[in-house]
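# What the coordinates show
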Amino acid sequence: QVQLVESGGGLVQAGGSLRLSCAASGRTFSNYAMGWFRQAPGKEREFVAYISQSGGTTGYSDSVKGRFTISRDNAKNTVYLQMNSLKPDDTAHYYCAARRPYYSGSYTYGSEYNYWGQGTQVTVSS
């Protein structure tokens, strides 16, 4: 059982940066791979970034590759999303999610994740 709480969202101008944090409760945090997803108003939820249990493997959507960096600190039970060079199209509600090691598909699929945070809003003005 993992509970996730995101923080760090806010309003920034295009070109700015934000760092999102996802604090997890539970003694088995390191057993879960983690992902970041986002959902803009009127649009479907989309994959943003992935990090493996140890942090040794990461993956990104093409839309954020080179601008966003996912990381984790298992000692602090926290996963981060550093977002640089933000664009108005990055405006969305951002969610972190935990993935059990019962992999049946791509880590880009929301259905692969078992636990979700409440999300944090990121708004990027032009």
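Fair warning: this is a prediction, and the values are worked out from it, not measured in the lab.

### Some details on unusual backbone geometry
If you check the backbone angles, N77 has positive phi at about 55 degrees while not being a glycine. Its location among the elements puts N77 in the loop between β7 (68–73) and β8 (78–83).

### A few points about the pattern of salt bridges
Under the criterion given, the structure shown has 5 salt bridges. A salt bridge links R67 to D90; the shortest N-O distance between them is 2.8 Å. Of this pair, R67 sits in the loop between β6 (58–60) and β7 while D90 sits in the loop between β8 and β9 (92–99), and the two are 23 residues apart along the sequence. Assigned by exposure class, R67 and D90 land together as buried.

### Looking at the state of the cysteines
Counted by the stated rule, this structure contains 1 disulfide. There is a disulfide in this structure between C22 and C96, and the S-S distance comes to 1.9 Å. The S-S bond linking C22 to C96 shows a torsion near 50 degrees; that makes this disulfide right-handed. Taken together, the positions of C22 in strand β3 (residues 18–25) and C96 in strand β9 put the pair 74 residues apart, joining distant regions of the chain. We classify C22 as buried; its relative accessible area is 0%.

### Topic: the sheet that holds β8
Strand order in the open sheet formed by 4 strands is β1-β3-β8-β7, with antiparallel pairing between adjacent strands. The open sheet has two free edges, formed respectively by β1 (3–7) and β7, since each of these has just one partner strand. Neighbour-to-neighbour, the strand axes of the sheet open up by a mean angle of 15 degrees, direction not taken into account. As judged from the 6 bridges shared by β7 and β8, these two strands associate in the antiparallel manner. Paired with F68 across the two strands is M83, which belongs to β8.

Reading the values: rules and limits
- Residues numbered from 1 in each chain as written.
- Predicted model: local features only at pLDDT ≥ 70, side-chain atom pairs only at ≥ 80, totals over all residues.
- Heavy atoms only, no water.
- Helix = DSSP H or I, 4+ residues; strand = E, 2+ residues; numbered from the N terminus.
- Salt bridge = Lys/Arg side-chain N within 4 Å of Asp/Glu carboxyl O.
- Buried < 20%, exposed > 50% of the residue type's maximum accessible area, 1.4 Å probe, protein only.
- Disulfide = S-S within 2.5 Å.
- Pairing = 2+ DSSP bridges.
- Axes fitted to C-alpha atoms, helices over the stretch in contact; angles between N-to-C directions.

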